[in-house]
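What follows is the residue order along each chain.
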Amino acid sequence: MKENFLIGTYTLKTSKGMYAVTLDDDQEKLVNVRLIAPQQKPAYLALGPNHLVFVLKQEGENGGVASYQLDGEKAKEIDEDMSAGAPPAHVSWDPSRHMIYTANYHKGEIRAYKVSAEGKLTLTDSVVHKGECGPRPEQDAPHAHYAQLTPDGRLAVCDLGMDLLLTYDVSDDGKLTMASRYQCEPGFGTRHLAFHPNGKYAYLLGELSSKLEVLKYNSADGSFEHLQTLKTIPEDWQAHNGAAAIHLSADGKYVYTSNRGQNTIAVFAIQPDFTVKHIQSISTAGDFPRDFELSHDDRYLVASNQLSDNLTLYRRDSQTGLLTSIQSGVSLPEPVCVKKWY
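I will try to describe carefully the structure that is included in this document. Source: prediction; values computed, not measured.

To continue, consider the overall build of the chain. Looking only at helices and strands, the chain features 0 helices and 28 strands. Since a compact globule built from 342 residues should have a radius of gyration of about 20 Å, the 19 Å found for the chain is in line with a globular shape. C-alpha atoms of the chain, sized along the principal axes, occupy 45 × 45 × 35 Å. Residues classed as buried in the chain amount to 59% of the 342 residues present. A sequence separation of at least 24 residues applies to 46% of the contacts in the chain between residues at least 6 apart. Of the roughly 13,500 Å² of accessible surface on the chain, 49% is carried by carbon and sulfur atoms. In the chain, the 33 positive side-chain charges and the 43 negative ones have mean positions that sit 2 Å from each other.

So, in structure tokens, the structure goes:
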């Protein structure tokens, strides 16, 4: 059996754009790294229906998002929305409203777009964050880092600069209205969020603090309640680290996070009360693991090491949640985002 992953990259050195790689689980190896779409800085991706993919994009001094139609191993650009300044940091797909959302770190801005069946983009709303920011040097301004649907169809937004998790209601015509604000501790550096499959709990990752928060979600008003905070790295870790990506196993029993600096994947077991217990930290055999992804059946995990230009493959034990490294040093330039494809 074979499974394919799309890889978003930076294009600061030798990368040419968006790549793909195949997981051959008979061999338990990643094989056939290939370029899918030449483009500048397709750092993050979101997959839509009918082989549409939405890709962050940069062209000179302009940044934005583009839609592509994938036809086998070929990608054709359908539409784009570009504006002056840096591109967004995150893009996500809304299947019920046929929309995408982008979060722009440099502008502190959330954008919402309607998407036609052909992949044409129509901007429906834009929200720019303003307000008090955290104490860290990186928190010089609002930095929207993540915008993704909650299980009940609201939009959850992480703002690293403001140490905030914000929830927006989304109207049928794509307008955003603030529903709730959850304030993290100063310097937390709110980056990414992952919901439990039951939709009642969420796991919030802080980049600057290298901390994980366990939250209870209230679907009545979109608010969050704090349950637990713990580190993703050892308490005595002194060197620089930035937590990056977070994903849950489909069975809702394990949380996985990546650490850029310690260069590990940290594994947490979800307890009966939905708090977590750290059970493993395993090397990514590379430098700066910005993202990772579980395979469709959760048997494998693929991690991307941006600064060392390589991917690492792990076998995952479905009973214990623990990872075993089975392949490292898979060459791919500047890998950032990893997404299950087909």
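Now, onward.
Read from one edge of the open sheet, 4 strands run 16-17-18-19, paired in antiparallel fashion. At either end of the open sheet lies a strand with only one pairing partner, and these are strand 16 (190-195) and strand 19 (223-231). In this sheet, neighbouring strand axes are inclined to one another by 25° on average, regardless of whether the strands run parallel or antiparallel. Here strand 17 (residues 201-206) runs beside strand 18 (residues 211-218); their pairing, made up of 6 bridges, is antiparallel. Of the residues in strand 18, the one forming a bridge with G206 is K211.

Time to look at the pattern of salt bridges. This model, assessed by the stated rule, comprises 18 salt bridges. Of the charged contacts in the structure, one is a salt bridge between R111 and E109, with a shortest N-O distance of 3.0 Å. The same class applies to R111 and to E109, which are both buried. A salt bridge links R154 to D152; the shortest N-O distance between them is 2.8 Å. Judged by relative accessible area, which is 37%, D152 ranks as partly exposed. Taken together, the shared-partner salt bridges connect K57, E59, E77 and E80 into one network.

The strand order across the open sheet formed by 4 strands is 20-21-22-23, and the pairing between neighbours is antiparallel. On the outer flanks of this sheet lie strand 20 (242-248) and strand 23 (276-283), each paired with one strand and no other. When the angles between neighbouring strand axes are averaged without regard to direction, this sheet yields 25°. Where strand 20 meets strand 21 (residues 254-260), 5 bridges bridge the pair, whose relative direction is antiparallel. Looking at the pairing, H247 lines up with Y256 of strand 21.

To continue, consider the environment of L35. Inspection of the secondary structure assignment puts L35 in strand 3 (residues 29-38). With relative accessibility at 36%, the residue L35 sits in the partly exposed group. Along the sequence, L35 and K74 sit 39 residues apart, while their C-alpha atoms lie 9.2 Å from each other. Sequence-distant contacts of L35, defined by excluding residues within four places in its chain, comprise K16, G17, M18 and Y19.

A separate point is unusual backbone geometry. A positive phi angle is found at N32, which is not glycine, with a value near 55°. By the element assignment, N32 lies in strand 3. The residue A285 is not glycine, and still its phi comes out positive at about 50°. With respect to the helices and strands, the residue A285 is situated in the loop between strand 23 and strand 24 (289-294). Taking the relative accessible area as the measure of exposure, A285 reaches 37% and is therefore partly exposed.

What follows covers the pairing of strand 14 (residues 164-170). Among the 7 residues in strand 14, 6 count as buried, and that is most of the element. Where strand 13 (residues 155-159) hands over to strand 14, the hairpin turn is made up of 4 residues, of which D163 adopts a positive phi near 55°. In this sheet, strand 15 (residues 176-183) lies alongside strand 14 in antiparallel orientation, the contact comprising 7 bridges. From the neighbouring strand, L165 faces strand 15, where its bridge partner is Y182.

Within strand 6 (residues 62-71), 7 of the 10 residues are buried, which leaves it mostly tucked inside the rest of the structure. Where strand 5 (residues 52-59) hands over to strand 6, the hairpin turn is made up of 2 residues, of which G60 adopts a positive phi near 60°. Looking at chain direction, strand 6 and strand 7 (residues 74-84) are connected through 10 bridges and run antiparallel. What sits directly across from N62, in strand 7, is A84.

This part takes up the environment of E118. Mapped onto the elements of the fold, E118 is located in the loop between strand 10 (109-115) and strand 11 (121-128). Residue classification places E118 among the exposed positions, given a relative accessible area of 53%. Among residues more than four places away in sequence, those in contact with E118 are L52 and I78.

What counts, and at which threshold
- Along each chain, residues carry numbers from 1 onward, in the same order as the chain's sequence is written.
- In keeping with the model being predicted, local features are shown solely for residues with a pLDDT of at least 70 and side-chain atom pairs are shown and tallied solely at 80 or more, while totals for entire chains, interfaces and linings include all residues.
- By convention in this description, side-chain values take in all heavy atoms of the structure and omit both hydrogens and water.
- Strands are runs of DSSP state E lasting at least two residues, helices are runs of H or I lasting at least four, and both sets are numbered from the N terminus onward.
- Here the globule rule is a power law, 2.2 Å times the number of residues to the power 0.38, and the radius of gyration is based on C-alpha atoms.
- For the exposure calls, accessible area comes from a 1.4 Å probe over protein chains only, and a residue counts as buried if that area is under 20% of its type's maximum, exposed if over 50%, partly exposed in between.
- The contact rule is simple, with two residues in contact once any of their heavy atoms fall within 4.5 Å.
- Note on areas: Shrake-Rupley, 1.4 Å probe, and residue coverage restricted to the protein chains presented here.
- Just so you know, the count uses Lys and Arg for positive and Asp and Glu for negative, and it drops His and the chain ends.
- Each charge is placed at NZ for Lys, CZ for Arg, CG for Asp and CD for Glu.
- For two strands to count as paired, DSSP must find a minimum of two bridges between them.
- The axes are straight lines fitted to the C-alpha atoms, using for helices just the contacting stretch, and the angles between their N-to-C directions are given from 0 to 180°.
- In what follows, salt bridge is the name for a side-chain nitrogen of Lys or Arg lying within 4 Å of a carboxyl oxygen of Asp or Glu.

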